[in-house]
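What follows is each chain in one-letter form.
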Amino acid sequence: MTGNAHDWPHAPVSVGLVGAGPWARMVHARVLAAGPETRLASVWARRPEAARETAAPHGAAVAGTFEELLDTCEAVAFSVPPDLQADLALRAAKAGKALLLEKPLALDLPAARELVDAIDSAGVVSQLVLSNRYHPETRRFLAEARELDVSGARSCCVGGAFLGGDFATPWRLEHGALLDIGPHILDLLDAALGPVLRVRATGDPRRWVELTCEHEGGAVSQASLSGSVEVERGIMRIELFGRHPELVLDGSALDHEESWPVLRREFATAVRTGRSGELDAHRGLRLQTLMAQALEGGR
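Residues numbered from 1 in each chain as written. Predicted model: local features only at pLDDT ≥ 70, side-chain atom pairs only at ≥ 80, totals over all residues. Heavy atoms only, no water.

*Asks:* Help me understand the overall build of the protein chain, please; the structure alone is not making it clear to me.
*Replies:* A count of helical and extended segments in the protein chain gives 11 helices and 12 strands. Here the C-alpha radius of gyration of the protein chain, 19 Å, is about what a compact globule of 299 residues would show, namely 19 Å. With the C-alpha coordinates of the protein chain rotated into their principal frame, the extents come out at 55 × 40 × 40 Å. By the burial criterion, 53% of the 299 residues in the protein chain qualify as buried. In the structure as shown, the protein chain presents an accessible area of about 13,200 Å², 49% of it carried by carbon and sulfur atoms. One way to put it: in the protein chain the 31 positive side-chain charges average out to a point 1 Å from where the 40 negative ones average out. (Helix = DSSP H or I, 4+ residues; strand = E, 2+ residues; numbered from the N terminus. Rg over C-alpha atoms; globule rule 2.2 N^0.38 Å. Buried < 20%, exposed > 50% of the residue type's maximum accessible area, 1.4 Å probe, protein only. Areas by Shrake-Rupley, 256 points an atom, 1.4 Å probe, with all protein chains shown as cover. Lys, Arg positive; Asp, Glu negative; His and termini not counted. Charge placed at Lys NZ, Arg CZ, Asp CG, Glu CD.)

What follows is the structure, encoded as structure tokens:
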């Protein structure tokens, strides 16, 4: 995952990482340290020993406090539960730092709105880690989908992450698949079929939830979401139907090692140009709005 320094004409963006859990170690720290567009400047977490374990392989500093981390970097990446992200990212935005944000932005819509308002007021760059969107195959799928007259779509994103292991975390177990998996599917359906005008949910997000989306232009899509079912490997699939051959995105087959260099390059470019891309905090707010509507029964 290393890059050629000659391919990046700027100084690397110095990034501070908030969080030291499995996702922070497996993705954030490793990807940001790989360069040449970014360098991992420091790590801060509530557990200092975890921060040290995350920082050490990459030669990054360990910050004693969140404020100390802000002093070490020009951008901040977050790999913490959504409620902590909403609070800490707001403080980082007010400090003038660019933000690399996880989904969802927050646990609820008011907190997400407050964060986006702070980002807008500060005029800082933001970007979402919607991993599927940075993969070349996903981008080909979306480009083709936008040229089609799609009547309807069915999709699913199901797995057993909530049954145990690193990702059976308290916030996921409490709020379920809609907040954790929902941003990925809603983002792709919204991008492929046109803006979602209305979304309704049935079921229990902690077990199995079904989404029905009505899109601008008349298309209807459905999505099945669960993190609490026993399957051999996770399933993520989107199928588009209309007066054309079926168009399919099999997300389970994507190698996200192809996504991370694209994400890193686009985030660093946004920071260096001062212009956020399409997948910014406003995109996160749109997805949070759709999830809130789903929970409210489509109102």
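Further notes follow.
*Asks:* It is not clear to me how the layout of surface pockets should be interpreted in this structure. Could you clarify?
*Replies:* A water-sized probe rolled over the atoms picks out the places where empty space is left. A volume near 220 Å³ is recorded for the second largest pocket. Taken together, 17 residues line the second largest pocket, and the ones lying closest to its centre are R139, E266, G277, E278 and L279. Those elements that provide at least two residues to the lining of the second largest pocket are β6 (126–128), α6 (136–145) and α10 (260–273). When residues in the lining of the second largest pocket are grouped by element, the largest group, four residues, is from α10. In terms of residue class, the lining of the second largest pocket is made up of four nonpolar, six polar and seven charged. (1 Å grid on protein atoms, 1.4 Å probe; cavity = no way out; pocket = protein on both sides within 12 Å on 5 of 7 lines; lining within 4 Å. Points joined across faces, edges and corners; volume = space filled by probe spheres on them. Nonpolar A, V, L, I, M, F, W, Y, C, P; charged D, E, K, R; others polar.)

*Asks:* Where do I start with the sheet that holds strand β2 (residues 38–44) in this structure?
*Replies:* Adjacent strands of a sheet form backbone hydrogen bonds with each other and so pair up, either parallel or antiparallel. Read from one edge to the other, the open sheet built from six strands follows the order β3-β2-β1-β4-β5-β6, with strand pairing classed as parallel. Two strands close off the open sheet at either side, each with one partner strand: β3 (61–62) and β6. Of the pairings in the sheet, the one linking strand β5 (residues 98–101) to β6 comprises three bridges and is parallel in character. By the bridge assignment for β6, L100 is matched with Q127. Its contacts with the sheet put helix α1 (residues 22–34) on β1 (13–18), β2, β4 (75–78) and β5, and the angle it makes with β2 is roughly 140°. Set on the sheet, α10 makes contact with β1, β2, β4, β5 and β6; between it and β5 the angle comes to about 155°. (Pairing = 2+ DSSP bridges. Contact = heavy atoms within 4.5 Å. Axes fitted to C-alpha atoms, helices over the stretch in contact; angles between N-to-C directions.)

*Asks:* What is the right way to look at the pattern of salt bridges in this model?
*Replies:* Where charged atoms from two side chains of opposite charge approach closely, those side chains can pair. Under the defined criterion, the tally for this structure stands at 21 salt bridges. For R133, the salt bridge identified is with D187, shortest N-O distance 2.6 Å. Of this pair, R133 sits in the loop between β6 and α6 while D187 sits in helix α9 (residues 182–193); the two residues are 54 residues apart in sequence, bridging distant segments of the chain. Comparing R133 with D187, the two get one shared label, buried. Taken together, the shared-partner salt bridges connect R133, D187, D190, E278, R283 and R286 into one network. (Salt bridge = Lys/Arg side-chain N within 4 Å of Asp/Glu carboxyl O.)

*Asks:* Honestly, the pairing of strand β10 (residues 220–226) in this entry has me stumped. Any pointers?
*Replies:* Two faces, one strand: in a regular strand the side chains alternate between the faces of the sheet. For β10, a buried count of five out of seven residues is recorded, marking the element as mostly surrounded by other parts of the structure. Here strand β7 (residues 150–158) runs beside β10; their pairing, made up of seven bridges, is parallel. Residue pairing in the sheet places R154 in a bridge with Q222 of β10. As paired strands, strand β9 (residues 208–215) and β10 are joined by six bridges and run antiparallel to one another. Looking at the pairing, V209 lines up with L225 of β10. From the end of β9 to the start of β10, which pair antiparallel, there are four residues, and G217 there has a positive phi angle of about 100°.

*Asks:* Please explain the packing of helix α4 (residues 82–94) against helix α5 (residues 109–122) as it appears in this structure.
*Replies:* When two helices pack together, their arrangement is given by the angle between their axes and by how far apart the axes lie. Interaxial distance between α4 and α5 falls to 9 Å at its minimum, and their mutual angle equals 10°. If you check the angle between α4 and α5, you find them roughly parallel. Residues A86, A89, L90 and A93 of α4 touch α5, and the partners they reach there are A111, E114, L115, A118, I119 and A122. Residues that form the contact of α4 with α5 fall into these classes: nine nonpolar, no polar and one charged. (Parallel < 35°, antiparallel > 145°, perpendicular 65-115°, else oblique.)

Keep in mind these values describe shape, not function.
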